[in-house]
Amino acid sequence: MAGQSKIPQATAKRLPLYYRFLNNLHLKGKTRVSSKELSDAVKVDSATIRRDFSYFGALGKKGYGYNVEYLLGFFRKTLDQDETTSVALIGVGNLGTAFLHYNFTKNNNTKIEMAFDADPNKIGDEIGGVPVYHIDELEERLNDVQAAILTVPGSVAQSITERLVDSGITGILNFTPARISVPDQIRVHHIDLSVELQSLVYFMKHYPLED
Ligand code: ATP
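Reference entry: report on the structure contained in this document.

Rules and cut-offs
Residues numbered from 1 in each chain as written. Predicted model: local features only at pLDDT ≥ 70, side-chain atom pairs only at ≥ 80, totals over all residues. Heavy atoms only, no water. Helix = DSSP H or I, 4+ residues; strand = E, 2+ residues; numbered from the N terminus. Buried < 20%, exposed > 50% of the residue type's maximum accessible area, 1.4 Å probe, protein only. Arc of directions from axis to C-beta. Pairing = 2+ DSSP bridges. Patch = residues over 30% accessible without salt bridge, like charges linked within 9 Å, V, L, I, M, F, W, Y side chains within 5 Å. Areas by Shrake-Rupley, 256 points an atom, 1.4 Å probe, with all protein chains shown as cover. Salt bridge = Lys/Arg side-chain N within 4 Å of Asp/Glu carboxyl O. Near = heavy atom within 4 Å. Polar contact = N/O pair within 3.5 Å; in protein donor to acceptor, adjacent residues only side chain to side chain. Nonpolar A, V, L, I, M, F, W, Y, C, P; charged D, E, K, R; others polar. Expected span 1.5 Å × (residues − 1). Bend = angle between axes of the 7 residues up to and from the residue. Contact = heavy atoms within 4.5 Å.

**Brief notes about the environment of serine 155**
No. 1: Positionally, serine 155 belongs in the loop between strand S7 (147-150) and helix H7 (157-166).
No. 2: Each C-alpha atom, one on serine 155 and one on tyrosine 102, is 26 Å from the other, the two residues being 53 residues apart in sequence.

Structure follows, in structure tokens:
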């Protein structure tokens, strides 16, 4: 998010959430929204929402709320919604296949353009409209791709990461259990679904929420 250095990271992380909700309101023809309504929908307390919004000059009016169109315009610019980021997916197993079918169509600023796998049986077809190529073709195919989703086995995650970085990828969403090492300028977000589930169950057992 170039030029948005004034916005704190925690606020920036909530922008896609706000964006999606406001976009839905806009599609339904709503022109304004109260911070209470927003707060209930995105599960962020209204004080935080007011503070977040003050960073982008949206000061809600008492009894009126926020102007949906104004906020959407701001979010589009900030999130580069008009500029699509090309994404490649590596590893067309169970999880990878599900992502190709999903293809993040609700996020109109990202698109999985191509996928790679080492298994010859998975090559050549399109899954969810995305072509699947052999991993040997990675370097020649990744021309304008900026980000990658890793859904390969953990054992090959590091070597594939190095090839991705050498090909100019600057962001990796790592779904493998492996912790991957990258140069400083490469951003990695790690999502280990089994750890997330385990952690949820742990918290359910040990820290039950009050009614
Ligand atoms: P998932 O973990 O997504 O449920 P799975 O159990 O179907 O996957 P895994 O063994 O985890 O299969 O492998 C995920 C995918 O990664 C498979 O389609 C496999 O062929 C592919 N894969 C394995 N090694 C490589 C590699 N070196 N390069 C590219 N793809 C690979």
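So that's the structure; there's more coming.
**Structural notes on helix H2 (residues 35-42)**
Because each turn of an α-helix spans 3.6 residues, side chains separated by three or four positions end up pointing in the same direction.
No. 1: For H2, the set of buried residues is Ser35, Leu38, Ser39 and Val42. Seen end-on, H2 carries its buried residues on one side only, within an arc spanning 100 degrees.
No. 2: Lysine 43 lies just past H2 and shows a positive phi near 60 degrees.

**Describing the sheet that holds S7**
Hydrogen bonds between backbone atoms are what pair the strands of a sheet, whose relative direction is either parallel or antiparallel.
No. 1: What the 7 strands build is an open sheet, ordered S5-S6-S4-S3-S7-S8-S9; its pairing is mixed. What marks the edges here is a single partner per strand, and that holds for strand S5 (126-127) and strand S9 (187-190).
No. 2: The pairing of strand S4 (residues 110-117) with strand S6 (residues 130-134) spans 3 bridges and is parallel. Directly across from alanine 115, in S6, lies its bridge partner valine 132.

**Some details on a nonpolar patch on the surface**
No. 1: A cluster of nonpolar residues, Leu197, Leu200, Val201 and Met204, forms a patch on the protein surface that exposes about 380 Å² of accessible area.
No. 2: Here methionine 204 shows up in helix H8 (residues 193-206).

**Quick word on unusual backbone geometry**
Across the chain, the bulk of peptide bonds are trans and the bulk of non-glycine residues have phi less than zero.
No. 1: Phi at lysine 43 takes a positive value of approximately 60 degrees, unusual for a residue other than glycine.
No. 2: Looking at the secondary structure, you find lysine 43 in the loop between H2 and helix H3 (46-55).

**Describing the environment of phenylalanine 75**
No. 1: Along the chain, phenylalanine 75 falls in helix H4 (residues 68-79).
No. 2: Note on phenylalanine 75: relative accessible area 0%, which makes it buried.
No. 3: On a C-alpha basis, the gap between phenylalanine 75 and tyrosine 18 in space is 8.4 Å, while along the polypeptide they are 57 residues apart.

**A closer look at the site of the ligand**
No. 1: Inspection of the region around the ligand gives 15 residues, with Asn94, Leu95, Asp117, Ala118 and Lys122 positioned closest.
No. 2: The separation between a nitrogen atom of the ligand and a polar main-chain atom of alanine 118 is 3.3 Å.
No. 3: Residues of the shell around the ligand, tallied by class, amount to 8 nonpolar, 4 polar and 3 charged.

**Describing the pairing of S6**
In regular strands, side chains alternate between the two faces of the sheet.
No. 1: Along S6, 4 of the 5 residues are buried, which leaves the element largely enclosed by surrounding structure.
No. 2: Pairing between S5 and S6: 2 bridges, direction antiparallel. Paired with isoleucine 127 across the bridge in S6 is valine 130.
No. 3: Linkage of S5 to S6, two consecutive antiparallel strands, is achieved through a turn of 2 residues, within which glycine 128 is found at a positive phi near 55 degrees.

**Comments concerning helix H1 (residues 9-27)**
No. 1: Under the 1.5 Å per step criterion, the end-to-end length of H1 is 28 Å for 19 residues, consistent within 8% with the ideal 27 Å.
No. 2: Helix geometry: H1 is bent most strongly at leucine 15, by close to 30 degrees, with proline proline 16 lying one to four residues after it.
No. 3: Buried residues of H1: Thr11, Ala12, Arg14, Leu15, Tyr18, Tyr19, Phe21, Leu22, Asn23 and Leu25, and no others.
No. 4: The inward-facing, buried residues of H1 abut strand S1 (32-33), H2, H3 and H4.
No. 5: Looking one or two residues beyond H1, the residue adopting positive phi is glycine 29, at roughly 90 degrees.

Bear in mind that shape data such as this cannot, by itself, settle questions of function.
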